[in-house]
Amino acid sequence: MAEASLGSLLPVLLLLTSLVPAAVIFVLPEPRERARRLVNMAGAILKVVLTGVLIAGVLGGGEYEWRRELLTGVDLVLRVDPIPLLFVTLSSILWLTTTVYAIGYLEPGQRRSRFFGFFSLCVTATIGIALAGNLVTFLIFYELLTVATYPLVVHQGDHRALVGGRAYLLYSVTGGAVLLVAVAWLHVLAGPVEFLEYAPLAGLAGEHATSLTLIFVLLVAGLAVKTAVVPLHGWLPKAMVAPAPVSALLHAVAVVKAGAYGIVRVVYDLYGLALAQQLRLLTPLLALAAVTIVYGSLRALAQDDLKRRLAYSTVSQLSYIVLGVGIASLTGVTGGLVHLIHQGIQKVTLFYCAGNLAKQLGVTRISEMRGVGRRMPLTMGAFTVAALGMIGIPPTAGFVTKWHLGLGGLEAGQGWVIWVLLLSSVLNAAYFLPVIARIWFLRVEGERPGAPTLERDLERDPWLVLPAVATGLSVLLAGLLAGAPLSPLSWAASIAQEVAGS
Amino acid sequence: MSVVWWLTPILLPLAVAVVTTLRPGPRTSWLLAAAPVPALVLALAGPLLPAPALSWLLLEPRLALDPVGRVLLALTAVVWIVAGVYARTEAEQRGGYVEWWLLSLSGNVGLLLSDDILTFYTAFVVMTLAAYGLVVHSRTVEARRAGRVYLVLGVAGETVLLAGLLLAAADAPGLRMAEVAGAVAGSANRDLVVALLLIGFGIKAGVIGLHVWLPLAHPAAPFAASAVLSGAMIKAGLVGWLRLLPIGALPLPGWSDLLVVLGLATAVVGVALGLTQRAPKVVLAYSSVSQMGFMTLLVGVALAAPEAAPVAVAAAAVYALHHGVAKAVLFVAVGLLPSAGGTWRRTALLVGVAAAGLALAGAPLSSGAYAKAWMKQAIDLALPGTSVTTFASLAAVGTTLLMARLLLLLRAQRPGAGPAGRPTPGLGAWLTLVVAMATLTPLLPPVLLPVLATPDSGAVVAEPLWPLLLGLAIAGAVALAQRRVGVTMPALPAGDLVVVGERAVAGVARVLALLAPPLTAALSRWTRAVQGAALALGRRDEGLDRLEDLLTRWRTGGAMVALVAVALVIALAMPLL
């Protein structure tokens, strides 16, 4: 009994490891930097430890659920299922690295109290989204995420930040409203439906096929705003005005990933792959993803601002996940799920590195990146690995994704998918390889041949360098050790077995 | 133990890369030559220990080494060791060279040892991308242009290749090379997959039409890197074909004919283009293109008749061995000549060049004579009664001409033109390579590849004689004619086919020489067009930006909210209907 109650408390504890730090940080006065640092790090480390406990527990067959009645018939449910655990792991690990990074990145006088408070709140919302056991819980945390992220996007407080923040808020609120409509409609139609409980919806498929299809469209439309699916992606390139740690978290785990994760859950855990196929919902989803992948890459090609190029690259890469969702075969599902992780670690690395460049050298444009590899070898090494991952060059993580998506498409009889993937790879190569060549093979303008020793200072701050190196290394390891137990791939494959098998 | 035995050849270069990066300088640079040694040991000793199963790594890499692989691995190791000795100077002088060098080496060895398509593809890609660092090393304008063309075609090739691999793997029971090749034979997409593999690997192998990067990139690199590019890495495309095409499973007459014709065309056109060149390294690069034509031809032969496939595959591997070592001898000699001070050094190098040139031309008892004899064995077995052998011999005439031209160009070079102040590298490693050239090809194949019957003395002495003599005669005649410019040119006996042939060759060469600049120009125009398109996209981008701006404005937002409200009302009304 005691064990059971602990089991039901674990999901809540996971939320509290960032919610409590958020509350403490808001109370702490601005100059208390050390205390804030301590609280932040303690929370982040504790969350990673708790996640480890959860993984061990789930592997041992444990079940973790926390449930309270919110309204009559509507429960607030937090539950640890395989897909949520995948997302929680990604979120808590990248929250830790990003916290370290943010501590190094933000300087005194940059309103760090407000920043870290909302930062923790943002992660709380993400964990809530991950663990949500039904749509209502999902929606609540989804809206919380919108609200918690806004102050981070406009953190700089200048005109561009406000414009970006406004676009973000507008899109997100609208998307949330659409989602609300869909959730309400579904409730009216089917009553409270929980994730992984396919029977109620499958039973309705005969009578209410049209309604179910419309609800699906609304759900996906609402989620697609955060996933930045074309044509609902406009806010993302504007929101990249946020400070680097925010962009990193935004593009890798928190906001855009919440949308993609929502689509994954709607298709796999709410409708189920069988029903989605029966209602023929997957092919339009595939087409949407394909268009987004190509459009994002094409736009990225023309950007000179590094962060803007990365933002369009996110638009493109996120739809790899959606593409995987639309491919109804074991390998395709694996590819989509594993990219949830792979895109996260790759993009977070790229944004850390972009942040380091901007902070240490004032370099924000690609045309200014000549020869920076020699000045910041560790950071640029991580950048190179992550960029190669984006292109899908083996043995990085991105290749594992690409291979599975392509093979999955062929298995599902959607062979055209590989041409989209390969076109996207070529475009990715076209906008990342010249950058890499510029980093390593061009000389710094006005470089003096005899003075490289002073430059060591550029990478002396471990708070800034370590996160980038660690995540960059993980991009390499996720690809190199893809066959190992507990690698993202083997994890995704075992989940795919359940999803595509049922 | 077996993990150590199999993985050291791949991992030692990476370990050396770490060491040399942390402690650069003469004390560690000798490791460049030591890094490929385990590969040589493995090639010569063979798979003494069973290949380890590495299920946790990548996607279950499989390693294997068959006799054909051993021949190619021996070639690769020998070339890399000797080139490594000469890469030391370069490596000590500028950072960021050893890393690319060793990464390329690791990829090159890895692709020869891998037995599944993912490991193979990984190694192939690592090698290709890392070698970019070698190509652009000198940082000159030409090197950068060469690097750009190299990278564009490299990425294109790898993308095409990946498409082929995905299509093939979708039908295969597993990812082992043999399983995938077997699946290609029975696949519904067979012709598409074969085409994709031909193009993907053909770019690396320098098949005519896809070869444009090669004469730019190989000479742009420092000479030691040119030696490994042209001697070892260029063979990766051939390895891919031999392993992944459905060779030996079923006859593919159409594809076979295409490859035979393409191979012969590559052999001839490579020579013709090479003859128009003045820079020795460019001549050598064209010679590589031409020689790869013979290996392409052998792949075509292997596809013609399954029963002849083992012989053709073995012959292709032996040809690769012969060409790789000879070409490395040539590139290193050409690289050493400018700084060769003493008369005897210069003479030794020129004699070595002549010997390697004779070998490539297939002079009696040279490595080329053996390689060509085995090539003819395969052709006679698979395509009896055709004139392929004759055409191949005629192409050998071309090689003789090209090598004569190279020697003349080198003799005309003034000695001591190299950069002053550098220590002169010794000739010891190069001399070893010359010995390897003379011995490896005649001695190694009979031990490792019993399918190849030992050629009789006629095949290695008498038969190769006429193309060589013919080539030398033409070269002499041309030299003579050139010396007598101003005098009338009816020097050669009239009506002789040789004259027609020579005129034709010269004509073809002239036409091709006319075509070569437009081809290169077209390529750079194309690159510029791509840049232009990107810029145009950038301009249109402003339009898209405005569109996205519009979409993010308050008013648009208001409209969206209103729409949502409408949807809400409909949704609420829906269940009532």
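Quantities reported herein were computed from a predicted structural model and do not represent experimental measurements. (Residues numbered from 1 in each chain as written. Chains lettered and ligands numbered in written order. Predicted model: local features only at pLDDT ≥ 70, side-chain atom pairs only at ≥ 80, totals over all residues.)

Engineer: Before we go on, may I ask you to explain the overall build of chain B in this structure?
Structural biologist: When helices and strands are counted, chain B shows 24 helices and zero strands. A buried classification covers 53% of the 577 residues belonging to chain B. Taking all contacts inside chain B whose residues are at least 6 apart in sequence as the whole, residues at least 24 apart take part in 80%. (Helix = DSSP H or I, 4+ residues; strand = E, 2+ residues; numbered from the N terminus. Buried ≥ 20, exposed ≤ 12 C-beta atoms within 10 Å, placed from the backbone. Contact = placed C-beta atoms within 7 Å.)

Engineer: Sorry if this is basic, but what is going on with the overall build of chain A here?
Structural biologist: The secondary structure content of chain A amounts to 20 helices and two strands. What you see for chain A is a C-alpha radius of gyration of 22 Å, in line with the 23 Å of a compact globule of 502 residues. Its C-alpha atoms put chain A at 75 × 55 × 45 Å along the principal axes. Taking as baseline every contact in chain A between residues at least 6 positions apart, the subset at least 24 positions apart corresponds to 80%. (Rg over C-alpha atoms; globule rule 2.2 N^0.38 Å.)

Engineer: Even after reading the chapter, I still don't get helix 4 (residues 112-131) of chain A, so can you show me in this structure?
Structural biologist: For an α-helix, the turn length of 3.6 residues means that residues three or four places apart are oriented alike. The end-to-end C-alpha distance of helix 4 of chain A, which contains 20 residues, comes to 28 Å, matching closely the 28 Å that a straight helix rising 1.5 Å per residue would cover. Most of helix 4 of chain A is tucked away: 18 of the 20 residues are buried. (Expected span 1.5 Å × (residues − 1).)

Engineer: Please clarify how the packing of helix 2 (residues 33-59) of chain A against helix 4 of chain A should be interpreted in this entry.
Structural biologist: Angle between the axes and distance between the axes are the two parameters that describe a pair of packed helices. Residues and elements named next belong to chain A. Running from N to C, helix 2 and helix 4 point in directions that differ by 15°, and their axes come no closer than 11 Å. With respect to helix 4, the axis of helix 2 lies roughly parallel. As for the relative orientation of helix 2 and helix 4, their crossing is left-handed in sense. Only Arg112, Ser113, Phe116 and Ser120 of helix 4 make contact with helix 2, whose side of the interface consists of Arg36, Asn40 and Gly43. Split by residue class, the contact of helix 2 with helix 4 holds one nonpolar, four polar and two charged. (Axes fitted to C-alpha atoms, helices over the stretch in contact; angles between N-to-C directions. Parallel < 35°, antiparallel > 145°, perpendicular 65-115°, else oblique. Left-handed = near helix turned anticlockwise from the far one by under 90°. Nonpolar A, V, L, I, M, F, W, Y, C, P; charged D, E, K, R; others polar.)

Engineer: Please clarify how the confidence of the model for chain A should be interpreted in this entry.
Structural biologist: As a general rule, the predicted coordinates of low-pLDDT regions are not to be interpreted in detail. Summing up the model confidence of chain A, the mean pLDDT is 88 and the portion of residues at 70 or higher is 96%. Predicted confidence for residues 450-454 of chain A stays below pLDDT 50, and this span has zero contacts to residues more than four positions away or in other chains. (pLDDT = per-residue confidence, 0-100.)

Engineer: I keep staring at the nonpolar core and nothing clicks. Help me out?
Structural biologist: Where a protein is soluble and globular, its nonpolar side chains tend to be buried together. Residue and element names in this part refer to chain B. Judged by nonpolar contacts, the single largest core of 403 residues is most densely connected at Leu298, Val301, Ala312, Ala315, Ala316, Val325 and Val332. When residues of this core are assigned to their parent elements, the largest contribution, 22 residues, is made by helix 16 (residues 309-336). Those residues in contact with Val325, other than ones at most four positions away along the chain, are Leu75, Val78, Val79, Gly231, Leu433, Ala436, Met437 and Leu440. (Core = buried A, V, L, I, M, F, W, Y, C linked by C-beta atoms within 7 Å.)

Engineer: Can you walk me through the confidence of the model for chain B in this structure?
Structural biologist: In this model, chain B carries a mean pLDDT of 83, and residues with pLDDT of at least 70 account for 82%. Predicted confidence is poor over residues 486-502 of chain B, with pLDDT under 50, and the contacts of this stretch with residues over four places away or in other chains come to eight contacts.

Engineer: Any chance you could explain the pairing of strand 2 (residues 74-79) of chain A here in plain terms?
Structural biologist: In regular strands, side chains alternate between the two faces of the sheet. Residues and elements named next belong to chain A. Here six bridges tie strand 1 (residues 65-71) to strand 2, and the two strands are oriented antiparallel to one another. The residue of strand 2 that forms the bridge with Glu69 is Asp75. The turn linking strand 1 back onto strand 2 is made up of two residues, and Gly73 within it adopts a positive phi angle of 80°. (Pairing = 2+ DSSP bridges.)

Engineer: Any chance you could explain unusual backbone geometry here in plain terms?
Structural biologist: Excluding glycine, residues mostly have negative phi values, and the peptide bonds linking residues are mostly trans. Geometrically, the link from A:Val230 to A:Pro231 is a cis peptide bond, its omega value of 10° lying close to zero. Within the secondary structure, A:Pro231 sits in the loop between helix 8 (209-227) and helix 9 (235-239). Cis peptide bonds are those with omega within 30 degrees of zero, and the linkage from A:Pro394 to A:Pro395 qualifies with 0°. Within the secondary structure, A:Pro395 is located in the loop between helix 16 (377-391) and helix 17 (397-411). Residue B:Arg139 is not a glycine yet carries a positive backbone phi of 65°. Residue placement: B:Arg139 occurs in the loop between helix 7 (117-135) and helix 8 (141-171). The class for B:Arg139 is exposed, based on 12 C-beta atoms found within 10 Å.

Engineer: Would you mind showing me how to read the packing of helix 18 (residues 416-441) of chain A against helix 8 of chain B here?
Structural biologist: The geometry of helix 18 of chain A relative to helix 8 of chain B is characterised by a closest axis approach of 10 Å and an angle of 160° between their N-to-C directions. One element, helix 18 of chain A, and the other, helix 8 of chain B, form an angle in the roughly antiparallel class. At the point where helix 18 of chain A passes helix 8 of chain B, the crossing takes the right-handed sense. Residue-level contacts link A:Ile418, A:Leu422, A:Ser425, A:Val426, A:Ala429 and A:Leu433 of helix 18 of chain A to B:Leu151, B:Val155, B:Thr159, B:Leu162, B:Ala163 and B:Leu166 of helix 8 of chain B. Here the contact of helix 18 of chain A with helix 8 of chain B is built from residues that sort into 10 nonpolar, two polar and no charged.

Engineer: Is there a simple way to explain the environment of B:Val149 in this structure?
Structural biologist: Residue and element names in this part refer to chain B. Here Val149 is to be found in helix 8. Taking the number of C-beta atoms within 10 Å as the measure of exposure, Val149 has 22 and is therefore buried. Separated by 144 residues in sequence, Val149 and Trp5 place their C-alpha atoms 38 Å apart.

Engineer: Where do I start with the environment of A:Leu94 in this structure?
Structural biologist: Residue and element names in this part refer to chain A. Relative to the helices and strands, Leu94 resides in helix 3 (residues 82-105). It is 12 Å that separates the C-alpha atoms of Leu94 and His342, two residues lying 248 residues apart in sequence. Leaving out residues up to four positions away in the same chain, Leu94 has contacts with Ala252, Val253, Gly344 and Val348.

Engineer: I would appreciate a short explanation of helix 6 (residues 98-113) of chain B in the present structure.
Structural biologist: In this model, helix 6 of chain B (16 residues) spans 22 Å end to end at C-alpha, consistent with the 22 Å of a helix rising 1.5 Å per residue. Counting buried positions along helix 6 of chain B gives 15 out of 16 residues, so the element sits mostly inside the fold.

Engineer: Could you clarify how one ought to interpret the environment of B:Leu11 in this entry?
Structural biologist: Of note, B:Leu11 is situated in helix 1 (residues 2-22). Between the C-alpha atoms of B:Leu11 and B:Ile474, which are 463 residues apart in sequence, the distance is 49 Å.

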